[in-house]
Amino acid sequence: MSAASPTLPTRAELDSLPKELLSRGGARNPDVFRVDLPERLGGAPVVVKDFAPRSPLVRATLARLINGREIRALRALAGHPEVPAYLGSIDALAFAVEYRPGRRMSRKLRGQVPADFVERLEKAIRSMHERGVVHLDLRHRTNVMVDPTGAP
C-alpha cells in the first residue's frame, strides 16, 4: 500500500460501488469483497468485511463483537509484513483492510510454492504470537494466502 491510505467510502458510497465477492459469509459471518475505490477516494483496491447483509440480530450483536475483536487484532499487528494493514471502519458493520494480491492456499498449489513456504508461515505465526495475537482459524487453508512471489 502506498504511503497515503485511501479515503474510505461512506455506507451509501460503498453500496453503490462495484464489488468483487471474495467470500460469501454464512449466517454469522461477514461477506468479504474487493472494492476498487474511485480516484476521488484514492483509487486503491481494498478488501471490505461487511456484516450488513446479515440478520438484524447478528448485526446488532455478533457483528459488532467480531468486528471489534478483529480490528483490535489488526491494530496489534500493524506493520507486520504478512498481515494486510487495517485501513479503518466504514461503519459498525464494515471495515477495510489493504488489498494484497495472491491465491488462497489449497492442494492445487502443491509444488507451486517455495520449499521454505511452511517455515516462513510458521515464522509469521510466531511473530503474531509475540504481538499477543493468536489466529484461531488457520486450520482452514483458505485463511492463508500465497502472494505472487510465493510468500505467505
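Note that the coordinates shown come from a computational prediction; the quantities given were computed from them, not determined experimentally. (Residues numbered from 1 in each chain as written. Predicted model: local features only at pLDDT ≥ 70, side-chain atom pairs only at ≥ 80, totals over all residues. Heavy atoms only, no water.)

What follows concerns the nonpolar core. Membership of the largest hydrophobic core comes to 13 residues, with the highest contact counts inside it found for V35, L37, V46, V48, I90 and A96. Mapped by element, the contributors of at least two residues to this core are strand 2 (31-36), strand 3 (45-50), strand 4 (86-91) and strand 5 (94-98). Beyond its immediate stretch of four places on either side in the chain, A96 contacts L8, V46, V47, V48, A85, Y86, L87 and G88. By size, the runner-up hydrophobic cluster in this structure holds 11 residues, among which are V47, L77, F95 and M128. (Core = buried A, V, L, I, M, F, W, Y, C linked by side-chain atoms within 4.5 Å. Buried < 20%, exposed > 50% of the residue type's maximum accessible area, 1.4 Å probe, protein only. Helix = DSSP H or I, 4+ residues; strand = E, 2+ residues; numbered from the N terminus. Contact = heavy atoms within 4.5 Å.)

Let's shift gears to the layout of surface pockets. Its volume calculated, the largest pocket comes out at about 1900 Å³. Surrounding the largest pocket, 49 residues form its lining, K49, E70, H135, T142 and N143 being those nearest its centre. Secondary structure elements with two or more residues in the lining of the largest pocket: strand 1 (19-23), strand 3, helix 3 (62-76), strand 5, helix 4 (117-130) and strand 7 (145-146). Tallying contributions element by element places helix 3 first for the lining of the largest pocket, with five residues. Its residues assigned to classes, the lining of the largest pocket comprises 28 nonpolar, nine polar and 12 charged. (1 Å grid on protein atoms, 1.4 Å probe; cavity = no way out; pocket = protein on both sides within 12 Å on 5 of 7 lines; lining within 4 Å. Points joined across faces, edges and corners; volume = space filled by probe spheres on them. Nonpolar A, V, L, I, M, F, W, Y, C, P; charged D, E, K, R; others polar.)

Scanning the model with the defined rule gives 10 salt bridges in all. A salt bridge links R11 to D15; the shortest N-O distance between them is 3.5 Å. Placement of the pair is R11 and D15 together in helix 1 (residues 11-16), with a separation of four residues, close to one helical turn. The buried category is assigned to R11, whose relative accessible area is 19%. A salt bridge links R24 to D31, with the shortest nitrogen-to-oxygen separation between them at 2.9 Å. D31 gets classed as buried once you look at its relative accessible area, which sits at 1%. One salt-bridge network, held together by shared partners, links R11, D15, D50 and D91. (Salt bridge = Lys/Arg side-chain N within 4 Å of Asp/Glu carboxyl O.)

In short, the description is geometric, and any link to function would need to be established separately.
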